[in-house]
Every structure is written in structure tokens, then in C-alpha cells.
Amino acid sequence: MDVDLIFKIAAVGILVAVLNILLSRSGREEQALMVTIAGLVCVLVIVVQEISSLFALIKQLFSL
């Protein structure tokens, strides 16, 4: 597991948290929710790519 992956996920989380707070305090709860959902989707895409590369490595390791 690469440390860059953890930093990417943490950066997305911090950015989403700050934007969520700013939008919530300005009375735009709907946009805050959409930013949170978009951040979650971005993190899920990153994780799915890493899982895909893990499966490819396991497939290559066992010559399947």
C-alpha cells in the first residue's frame, strides 16, 4: 500500500470538510450535501482503482 493513497484520500476529505462547513454556514445546505456526495464518489473511485490493481497483481502472481 502506498502512502500517497492515504494522502490523496486525506486531502479530499479535508477539502470536502472545509467546503461543507463554508456552504452550510452560508445557508446552502443542498450544495454542501452535493459536495459531500461528490467527495465520497471521488474517494470510492480511487479505492476501486487500487482494488483493481490489487486483483491484477494477485492474478499475475498465481498465473491465472
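Figured I'd write up the structure that's included with this text. All figures in this text were calculated on a predicted structure; none of them were measured in a lab.

Observations concerning the overall build of the protein chain
Each helix and strand counted, the protein chain has two helices and zero strands in total. Relative to the globule expectation of 11 Å for 64 residues, the C-alpha radius of gyration of the protein chain, 16 Å, shows a markedly less compact shape. Structurally, the protein chain occupies a C-alpha span of about 55 × 20 × 5 Å along its principal axes. With the model as given, the accessible surface of the protein chain reaches about 5,300 Å², and the carbon-plus-sulfur share is 73%. Computed over 4 positive and 5 negative side-chain charges, the inter-centroid distance for the protein chain is 3 Å.

Rules of the game
- Residues numbered from 1 in each chain as written.
- Predicted model: local features only at pLDDT ≥ 70, side-chain atom pairs only at ≥ 80, totals over all residues.
- Heavy atoms only, no water.
- Helix = DSSP H or I, 4+ residues; strand = E, 2+ residues; numbered from the N terminus.
- Rg over C-alpha atoms; globule rule 2.2 N^0.38 Å.
- Areas by Shrake-Rupley, 256 points an atom, 1.4 Å probe, with all protein chains shown as cover.
- Lys, Arg positive; Asp, Glu negative; His and termini not counted.
- Charge placed at Lys NZ, Arg CZ, Asp CG, Glu CD.

Purely geometric numbers; function is a separate question.
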